[in-house]
Amino acid sequence: MTKSRVAAVDVGNDSIKAIFGELEYELNIPNIIARDTEDRPVIGIEELDNKNPLDGIHIKVHSPALKENNAIYRIGHLATKSNNATELDPGSSKSEEDQTLVMLFATLALDAVKEGTPFAKTKNVIDANYTLGTGLPLREVKEGKDAGYRSKLIGSVHQVEFLVTPKYQGLKVNIKFDEVKVYPEGFAAYINLVMDNSGKIINKDLLDKRILIQDIGGLSTDIAVIKNRNVDDDKAQGFNLGVSESLEAIREEIRTKHGVELDSRRDVVEIITKKNDRNHIMVKGSRTSVHDITDRILLDLAKKQYRVLRNVWQRNSQTEICYFVGGGANVLKEYLKTLNNNLDGYNIDFFEDEKESIWMMANAYYKLIMDYVRKTEKQQATPDKTPVKS
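Now for a description of the structure that goes with this document. (Residues numbered from 1 in each chain as written. Predicted model: local features only at pLDDT ≥ 70, side-chain atom pairs only at ≥ 80, totals over all residues. Heavy atoms only, no water.)

1. Details of the overall build of the protein
Here's step 1: For the protein, the count of helices and strands is 10 helices and 18 strands.
Here's step 2: Whereas a compact globule of 390 residues would reach a radius of gyration of roughly 21 Å, the protein reaches 22 Å, a difference of no more than 12%.
Here's step 3: Looking at the protein as a whole, 54% of its 390 residues are labelled buried.
Here's step 4: Considering only intrachain contacts with a sequence separation of at least 6, the fraction spanning at least 24 residues in the protein is 67%.
Here's step 5: Looking at the protein as shown, the accessible area adds up to about 18,400 Å², and 46% of this sits on carbon and sulfur atoms.
Here's step 6: Charge separation in the protein, taken as the distance between the mean sites of 55 positive and 59 negative side-chain charges, equals 3 Å. (Helix = DSSP H or I, 4+ residues; strand = E, 2+ residues; numbered from the N terminus. Rg over C-alpha atoms; globule rule 2.2 N^0.38 Å. Buried < 20%, exposed > 50% of the residue type's maximum accessible area, 1.4 Å probe, protein only. Contact = heavy atoms within 4.5 Å. Areas by Shrake-Rupley, 256 points an atom, 1.4 Å probe, with all protein chains shown as cover. Lys, Arg positive; Asp, Glu negative; His and termini not counted. Charge placed at Lys NZ, Arg CZ, Asp CG, Glu CD.)

2. A short note on helix α10 (residues 360–381)
Here's step 1: With 22 residues, α10 should reach 32 Å at 1.5 Å per residue; the first-to-last C-alpha distance of 32 Å fits that figure.
Here's step 2: Among all positions of α10, only Met360, Met361, Ala362, Ala364, Tyr365, Tyr366, Lys367, Leu368, Ile369, Met370, Asp371 and Val373 are buried. (Expected span 1.5 Å × (residues − 1).)

3. A few points about the packing of helix α5 (residues 244–258) against helix α6 (residues 265–273)
Here's step 1: Across the interface, α5 lies against α6 with an axial gap of 9 Å and an inter-helix angle of 85°. Judged by the angle between their axes, α5 and α6 are roughly perpendicular. The segment α5 lies against α6, with Ser244, Leu247, Glu248, Ile250 and Arg251 engaging Arg265, Val268, Val269 and Ile272.
Here's step 2: Along the lines of polarity and charge, the residues of the contact of α5 with α6 split into five nonpolar, one polar and three charged. (Axes fitted to C-alpha atoms, helices over the stretch in contact; angles between N-to-C directions. Parallel < 35°, antiparallel > 145°, perpendicular 65-115°, else oblique. Nonpolar A, V, L, I, M, F, W, Y, C, P; charged D, E, K, R; others polar.)

4. Examining the nonpolar core
Here's step 1: Counting 47 residues, the largest nonpolar core has Tyr130 and Phe162 as its most contacted members.
Here's step 2: Considering every element that reaches this core, the biggest residue donor is helix α1 (residues 98–112), with 10 residues.
Here's step 3: Setting aside chain neighbours within four positions, we find Phe162 in contact with His58, Ile59, Ala109, Leu110, Val113, Tyr168, Gln169, Gly170, Leu171 and Val173.
Here's step 4: Ile250, Ile254, Ile281 and Cys322 belong to the second-largest nonpolar core, a separate cluster that totals 39 residues. (Core = buried A, V, L, I, M, F, W, Y, C linked by side-chain atoms within 4.5 Å.)

5. Observations regarding the environment of Asn330
Here's step 1: Along the chain, the position of Asn330 falls in helix α8 (residues 327–342).
Here's step 2: It is 21 Å that separates the C-alpha atoms of Asn330 and Asp344, two residues lying 14 residues apart in sequence.

6. Some remarks on the side chain of Asn340
Here's step 1: Mapped onto the secondary structure, Asn340 falls in helix α8.
Here's step 2: Residue classification places Asn340 among the buried positions, given a relative accessible area of 5%.

7. Comments concerning the pairing of strand β3 (residues 25–30)
Here's step 1: Note: strand β2 (residues 15–20) against β3, six bridges, orientation antiparallel. Its bridge partner being in β3, Phe20 is matched across the sheet by Tyr25.
Here's step 2: Taking the residues between adjacent antiparallel strands as the criterion, β2 and β3 are bridged by four residues, where Gly21 takes a positive phi near 60°. (Pairing = 2+ DSSP bridges.)

8. Structural notes on the pattern of salt bridges
Here's step 1: In total, this model carries 19 salt bridges according to the counting rule given.
Here's step 2: Between Arg5 and Glu24 there is a salt bridge, with the nearest N and O atoms lying 2.6 Å from each other. On the criterion of sequence distance, the pair formed by Arg5 in strand β1 (residues 5–11) and Glu24 in the loop between β2 and β3 is long-range, its members being 19 residues apart.
Here's step 3: Where Asp277 meets Arg287, a salt bridge forms, and the shortest distance between an N and an O atom there is 2.8 Å. Of this pair, Asp277 sits in the loop between α6 and β15 (280–283) while Arg287 sits in strand β16 (residues 286–289), placing them 10 residues apart in sequence. (Salt bridge = Lys/Arg side-chain N within 4 Å of Asp/Glu carboxyl O.)

9. A closer look at the packing of α1 against helix α3 (residues 145–153)
Here's step 1: Running from N to C, α1 and α3 cross one another at 45°; their axes reach a closest spacing of 12 Å. The pairing of α1 with α3 is recorded here as oblique in orientation. Crossing handedness for the pair α1 and α3: right-handed. For the pair α1 and α3, contact is made by Thr100, Leu101, Leu104 and Phe105 and by Tyr149, Lys152 and Leu153, respectively.
Here's step 2: The class makeup of the residues in the contact of α1 with α3 is five nonpolar, one polar and one charged. (Left-handed = near helix turned anticlockwise from the far one by under 90°.)

Have a look at this one:
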């Protein structure tokens, strides 16, 4: 029997962040797909295998969990070059979108075909078993959609066939799940703050504090209310308020005002967050500021996020600190700090390490699923000592 491999996957609106095995492999792929045909044209086909597979993910996906079965897709960087590229829309439910599943299966398949993974391979077919830790926005978990999402994954075989993909062309991966744990995103952020990879408690001073965690994503914002070391399910809230619409508005205004077509929202994020020449683009070869556009749109979003914080804090007046996490918090950080300094002066904090903030969910899912695996193995190793009745 093939050994189950641990996978922690955060299907973020901007990108997929995934951690595999004993922390030995990470993947980060833009969450962009485009429907395609089986034979995509490639210039210099003989040089295909010299290219990076992540730049040319071209797959066919078969799964009973999908509404559109046996469809062919360009994924990630390759999809950004397509006219029909799609990103998740504001208001959509992550648990009900084919795109979420397609990205999840593609990411797992890219791990499974890697040299050194412990899976059986017969000719060009790899049978891969995973123990998966992943998550959904708090709003969807409170609506009970996590159970439906899990049931789509468990008990079925999901196949990814690599078509015109560097190094992996012609390989098929059959994905099965031995276990799937779906965690609410706000709770996961708290776990990441207080637990290390081995399950030990860190940041003990946070354990008995009353904390808010405001997780700003692409499509939604979750606020977890933590007290007595638990998430208060009644007070935790999820909102359809993310950064995607603002990024799309910036992209559209840059196109209208400067005639520059950006491939995706991810290009907008890069312009906003890059170390050098931040908020600048090249227009006909000239370095041009788009500060006026980004500042106006992002400040407006930051005000909405600050209003959310204020309303939740008022209902949880004994809160001691609020942590802002997620890719959206990274984009809005300076605007939120300025608003807070000029207005209420709440005790708020950000993760200055950009990677730590963006990878927080994937890291949390890894810690949680590894904790589950350790406990399961311990139970299996301990024989049942219940006395047998004669």
